[in-house]
Amino acid sequence: MSEIEIYSLDDLGYMRNSGRLARDVLLFIEPHVQPGVSTSTLNDLCHDFITQNGATSATLNYNGFPKSICTSVNHVICHGIPGEYKLRQGDIINIDVTVNLEGWHGDTSKTFLVGKCTKLAETLVRTAERALNVGITAVKPFGYFGDIGAAIQQFVDRTGFSIVRDYCGHGIGREMHSKPAVLHYDCREKGEQILPGMFFTIEPMINVGSYKSRILNDGWTAVTIDKSLSAQFEHTIAVMNDSIEILTE
C-alpha cells in the first residue's frame, strides 16, 4: 500500500481545478466534432483552449507522443494520434484529454457520435458510458479495487460486448500515471484497498467483437484485432472518508 500515494484535502483542491479544466476541454470541443473536421483540427483547438486556461497538455511529448489529445476513431481503442483524417458521418470518436494545471493532472475522455450513426454504434457508446458509471458506483471508501472490475464485467457480459484487458485505469495526481492499476474486468482478486485520499481514473474500453488488441506501427495506436468498433469513457475519481467525488464530471 505504501506505493499508492495518499493525498491531503489541500491536494484535493488542486485536483478539483485540474479535473474541472479537463471536463471543460471536452465541453468546448463537442460542437466541433462534426463531419469534415480533421482530428488534427480537433487537437489544435483543444491545445489552444488548454494553454489559454493556464495549463499544459500532459500527453504532448509524453514518452514521445506527438499531440495534445488522443483521438481514437471507430476501431481504434485508445491512443489514436490526431492527423489529417477527416471525420465522416457515422463515425464514433473518443477524445481523451489530460491536462497539467499547476502540477496536478485531470484526465477524462468521452466517445462522441459523429452525425447519424448506426444503432449498433449508438448502443455500444451508451453501453461504454454505463460501464463507467457502474464502475464508479462500485467505488467505496475501504472497499477494494477489484470490486470495480467485477462490477463492470458483470454488467458488460450481459450486453454481448467485450472489455479490453490490455489497458486499465490508473492512479493520478502530481503524476499522470501512478499506482494502482485499475482493472476493468473481474480478475478474481480484490486487489488493494481503496482508502480516503486516493485519486485514480476509471476508463473502461468496450468492443463490439473480440476484446483483443494490437498496436500499429506508430507505436501508439491500439486497435481491435478484428476491426470491430470500440468505445470508451473516463473520469478521474477522488476518495474521501465517507464518499467519493467525480472530479471530471
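Above this text sits the structure in question.
Residues numbered from 1 in each chain as written. Predicted model: local features only at pLDDT ≥ 70, side-chain atom pairs only at ≥ 80, totals over all residues. Heavy atoms only, no water.

### Quick look at the pairing of strand β4 (residues 92–101)
With nine of its 10 residues buried, β4 lies for the most part within the structure. As paired strands, strand β2 (residues 70–73) and β4 are joined by four bridges and run antiparallel to one another. Its bridge partner lying in β4, Val 73 is registered against Ile 93. Here β4 folds back onto strand β5 (residues 104–113) in antiparallel fashion, the turn holding two residues, of which Glu 102 has a positive phi close to 55 degrees. (Buried < 20%, exposed > 50% of the residue type's maximum accessible area, 1.4 Å probe, protein only. Helix = DSSP H or I, 4+ residues; strand = E, 2+ residues; numbered from the N terminus. Pairing = 2+ DSSP bridges.)

### Looking at the sheet that holds strand β3 (residues 76–78)
Read across the open sheet, the three strands follow the order β3-β12-β11; overall the sheet is antiparallel. For this open sheet the edge positions go to β3 and β11 (213–215), each flanked by a neighbour on one side alone. The mean angle between the axes of side-by-side strands here comes to 40 degrees, regardless of whether they run parallel or antiparallel. Pairing analysis gives two bridges linking β3 to strand β12 (residues 222–224), with the strands arranged antiparallel. If you follow Cys 78 over to β12, its bridge partner there is Ala 222. (Axes fitted to C-alpha atoms, helices over the stretch in contact; angles between N-to-C directions.)

### Observations regarding the packing of aromatic side chains
Following the criterion strictly, the structure yields six aromatic pairs and no others. Summarising the aromatic geometry, the rings of Phe 65 and Trp 220 are spaced 5.1 Å apart at their centres and angled 85 degrees between planes, so their arrangement reads as edge-to-face. Of the two residues, Phe 65 sits in the loop between β1 (56–57) and β2 while Trp 220 sits in the loop between β11 and β12, which places them 155 residues apart along the sequence. Comparing Phe 65 with Trp 220, the two get one shared label, buried. Arranged with centres 4.9 Å apart and planes meeting at 75 degrees, the rings of Phe 145 and Phe 200 form a pair that is edge-to-face. Here the residue Phe 145 occupies a position in the loop between α3 (119–137) and α4 (146–157), and Phe 200 occupies one in strand β9 (residues 199–202), the gap between them amounting to 55 residues. Take Phe 145 and Phe 200: they sit in the same class, and that class is buried. What links up through ring pairs into an aromatic cluster is the set Tyr 7, Tyr 14, Trp 104 and Phe 199. Lying across the ring of Tyr 185, Arg 165 places its NZ or CZ 5.1 Å from the centre. The aromatic ring of Tyr 211 is capped on one face by Arg 165, whose charged end is 4.5 Å from the ring centroid. (Phe/Tyr/Trp six-rings, centres within 6.5 Å; stacked < 30°, edge-to-face > 60°. Lys NZ or Arg CZ within 6 Å of the ring centre and 35° of its normal.)

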